[in-house]
Protein chains: 2
Amino acid sequence: MSETDLVVVGVDVGGTNIEVGSVDERHHVLQRAKAATPEGGPENVIRVITELVGSLDAHPIAVGVGIPGVVHEGRALTVPNLTGWTENVDLIGPLSGQLGVPVTLGNDANVGLLGEWIAGAARGGRNVLGLWMGTGIGGGLILDGRPYVGSRGAAGEIGHVIVLAGGALCTCGRRGCAEAYAGRRSMRGVATSMVDAGWKTSLFTIRDDEGKTKLTSKVWAEALDDEDQLAEKLFDTAIETLGIAIGSTNNLLDLDRVVIGGGLAEKLGQDLADRLFSAAKPWMLQHNPDLKFVVSELGDDAGVVGAAALARAAVITS
Amino acid sequence: MSETDLVVVGVDVGGTNIEVGSVDERHHVLQRAKAATPEGGPENVIRVITELVGSLDAHPIAVGVGIPGVVHEGRALTVPNLTGWTENVDLIGPLSGQLGVPVTLGNDANVGLLGEWIAGAARGGRNVLGLWMGTGIGGGLILDGRPYVGSRGAAGEIGHVIVLAGGALCTCGRRGCAEAYAGRRSMRGVATSMVDAGWKTSLFTIRDDEGKTKLTSKVWAEALDDEDQLAEKLFDTAIETLGIAIGSTNNLLDLDRVVIGGGLAEKLGQDLADRLFSAAKPWMLQHNPDLKFVVSELGDDAGVVGAAALARAAVITS
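Residues numbered from 1 in each chain as written. Chains lettered and ligands numbered in written order. Predicted model: local features only at pLDDT ≥ 70, side-chain atom pairs only at ≥ 80, totals over all residues. Heavy atoms only, no water.

S.K.: Can you tell me about the side chain of Ser151(A), naming the residues and giving the values?
M.R.: Following the sequence through the fold, Ser151(A) ends up in the loop between β11 (146–148) and α4 (179–182). With a relative accessible area of 16%, Ser151(A) lands in the buried category. Here the side chain of Ser151(A) touches Asn127(B) through a polar contact of 3.0 Å, side chain to side chain. At 3.4 Å, the side chain of Ser151(A) forms a polar contact with the backbone nitrogen of Asp256(B). Each residue touching Ser151(A), except ones within four places of it in the same chain, is listed here: His72(A), Asn127(B), Leu253(B), Asp254(B), Leu255(B), Asp256(B) and Asn288(B). (Helix = DSSP H or I, 4+ residues; strand = E, 2+ residues; numbered from the N terminus. Buried < 20%, exposed > 50% of the residue type's maximum accessible area, 1.4 Å probe, protein only. Polar contact = N/O pair within 3.5 Å; in protein donor to acceptor, adjacent residues only side chain to side chain. Contact = heavy atoms within 4.5 Å.)

S.K.: Lay out the relation of the copies chain B and chain A in plain terms, naming residues and giving numbers.
M.R.: Rotating chain B by 180 degrees and translating it 0.0 Å along the rotation axis places it on chain A, where the RMSD comes to 0.1 Å. Seen this way, the second copy is the image of the first under a two-fold rotation axis. Relative to the rotation axis, the C-alpha of Leu164(B) is the closest in chain B, positioned 2.1 Å from it. A symmetric contact is evident, with 100% of the interface residues of chain B recurring at the interface of chain A. (Least-squares fit on C-alpha atoms with pLDDT ≥ 70 in both.)

S.K.: Give a detailed account of the sheet that holds strand β3 (residues 29–36) of chain A, specifying residues and quantitative values.
M.R.: Residues and elements named next belong to chain A. Ordered in space as β3-β2-β1-β4-β8, the five strands form an open sheet in which the pairing is mixed. Each edge of the open sheet is held by one strand with a lone partner, namely β3 and β8 (103–107). Each strand axis lies, on average, 15 degrees off the axis of its neighbour in the sheet, ignoring direction. Bridge analysis of strand β4 (residues 63–67) against β8 gives five bridges, and the strand direction is parallel. Looking at the pairing, Val-65 lines up with Leu-105 of β8. Across the sheet, helix α11 (residues 301–317) is in contact with β1 (8–13), β2 (17–23), β3, β4 and β8; its angle to β1 comes to roughly 130 degrees. (Pairing = 2+ DSSP bridges. Axes fitted to C-alpha atoms, helices over the stretch in contact; angles between N-to-C directions.)

S.K.: Describe the interface of chain B and chain A, with residues and values.
M.R.: At the interface, 45 residues of chain B touch 45 residues of chain A. The junction of chain B with chain A conceals about 3800 Å² of combined surface from both sides, 56% of it contributed by carbon and sulfur atoms. Together, Tyr148(B), Leu252(B) and Leu285(B) form the three largest contributors to the area buried by chain B at its contact with chain A, with a combined 18%. Counting across the chain B and chain A interface gives two salt bridges. At the junction of chain B and chain A, the tally comes to 34 residue pairs in polar contact (both at pLDDT 80 or more). Counting residues per element, the ones that place at least two in the side of chain B that touches chain A are β10 (137–143), β11 (146–148) and α8 (229–253) of chain B. It is α8(B) that provides the largest number of residues to the side of chain B that touches chain A, a total of six residues. (Buried area = accessible area lost by both parts, 1.4 Å probe. Salt bridge = Lys/Arg side-chain N within 4 Å of Asp/Glu carboxyl O.)

S.K.: Describe the pattern of salt bridges, naming the residues involved and giving the relevant values.
M.R.: Residue and element names in this part refer to chain A. All chains considered together, the criterion is met by 18 salt bridges over all chains. Across the pair Glu-297 and Arg-123 runs a salt bridge whose closest N-O atoms are separated by 3.7 Å. Here Arg-123 lies in the loop between α3 (108–119) and β9 (128–133) and Glu-297 lies in the loop between β13 (292–295) and α11, a separation of 174 residues in the sequence. On the basis of relative accessibility, which here comes to 53%, the residue Glu-297 falls in the exposed class.

S.K.: Which residues make up the sheet that holds strand β3 (residues 29–36) of chain B, and what are the values?
M.R.: Residues and elements named next belong to chain B. Read from one edge of the open sheet, five strands run β3-β2-β1-β4-β8, paired in mixed fashion. Both edges of this open sheet fall to β3 and β8 (103–107), since each of them pairs with a single strand only. The mean angle between the axes of side-by-side strands here comes to 15 degrees, regardless of whether they run parallel or antiparallel. By the bridge criterion, seven bridges tie strand β2 (residues 17–23) to β3 in an arrangement that is antiparallel. Bridged to Val-23 within β3 is Val-29. Its contacts with the sheet put helix α1 (residues 42–55) on β1 (8–13), β2, β3 and β4 (63–67), and the angle it makes with β3 is roughly 145 degrees. Helix α3 (residues 108–119) rests against β1, β4 and β8 of the sheet, and its axis sits at about 100 degrees to β8.

S.K.: Could you give an account of the packing of aromatic side chains, naming the residues involved and the relevant values?
M.R.: Residues and elements named next belong to chain A. In total, this model carries two aromatic pairs over all chains according to the counting rule given. With a centroid separation of 4.2 Å and an interplanar angle of 10 degrees, the aromatic rings of Phe-277 and Phe-293 are classed as stacked. Of this pair, Phe-277 sits in helix α10 (residues 270–280) while Phe-293 sits in strand β13, placing them 16 residues apart in sequence. Under the relative-accessibility criterion, Phe-293 is labelled buried at 4%. (Phe/Tyr/Trp six-rings, centres within 6.5 Å; stacked < 30°, edge-to-face > 60°.)

Function cannot be read off these values alone, since they describe shape.
What follows is the structure, given as structure tokens:
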């Protein structure tokens, strides 16, 4: 077998874009491609994935796919952030039919942590929490040196650890989840109402200048860099709240590594990890003296590298 | 080898009593002995354990010990509920010297769940939370079909999952832990202040009639049976709070079993487990349809059976 025979392709299906990459045995991304995530349900997503994989030079031996939903026994049980998806969708059957190679499916947050664990900031960690700050707050776990996904693939939901029962209404419908304070979607809602109430902020001006429709991590990073007071107030609250959720998680799981990912982690770097550690410490009953908080090393590639690693592991163990 | 050669002894060191039992290969307790937990530090505890083990008919091939503290690499790192203990105590060296057999050490809550998992209500569970309602709230975890103790043996602290950040002051010094609302020590404090403020309750009368000094689980069970309003109010709050902590834990770990133990579980039975499930459900993002809430089957024996299982496993794998 020549070396190119051992290339796998990782696919990261996000709410906005689908990114694919061919990945070699050393977990290096050889080539990338991306397209907007189509609306209208799984068939359209399958079509775009097939086109993107076909656009790469490599002929992969397998394809791994991370999706923003709960994956159990190869099926997408729920995919709340994509429009037009029903429950319990079979992606593997149609995709492997189209692509002609084995396809493996995982949850995007779990797959992202797998990427960091195999080739990034979680390397060497035995009990790791991955926390992705984005539109929502995603999470993944490595426990006792193995990826942990729980009974039905739904583990790792650090965004829905309750920090203040009965507190802020979360987009999940419960009151007091970490995500209700720290997810960008929720933060934008609060920012909007504070502006309505007369607060000044550069957040929406920066958004317009950047030609964005949402308060992206880039918009937040610029506003924080400008020392925008409203942005700082919301961000401080997000850090404080995530610190509580991480503290609770550490009391349950006695971690040795926390990896912070998402756009803000890329833009703010280790300072973000340090701030979260400071916010979490007061809530920890005790902590492993070797506990480290670090930011993602792979950035946007984590999902692609992790999905590829998932596919590679499935080929090896099958 | 005759059958008696394969007996191990389990030791459950509690804040009040030390219980020991000889346990056969089918995890049945053959004989029990107990004594009050001595004050004054580890030397006295080692002496009482040695006496108790010596009082049993069996000549065990190994001894397992569960203690109310953090155990890492065979040492007791912290033992907060026993007086006279320093940090980082070696129990195994002196105990195995005294007893002449291998000694294995574990945390009491983890060991209790191990007992339930090997021979009780957690049998067959793959991702299990054990929650012990007592003076404090203890916890243990089985994850991916293996006991999980975390990086330094400190995992499972469901009592110190934050349910209401900044809320009630917990005996650990933090504000808003589940234990601050649901641990008997904290509940007694609130009951006392409510009585001072004019509330009527039979809790303290029952306590005196029973000749107890503390509000034991028996006292609580009787007051609840009498439909004592103050007891019901405090108990409802405890259930509600534990429901939130279990909900958060399920969102992180996607469990398939929750086992409730401690004196109240023995006295209230499955009704307690059902009430906790109802309280937890609203906080679960989703739950495994096979998720079950059950009460301990081994009761007081869980610690002894689990400690014996720990010792047996160590002998087999050494």
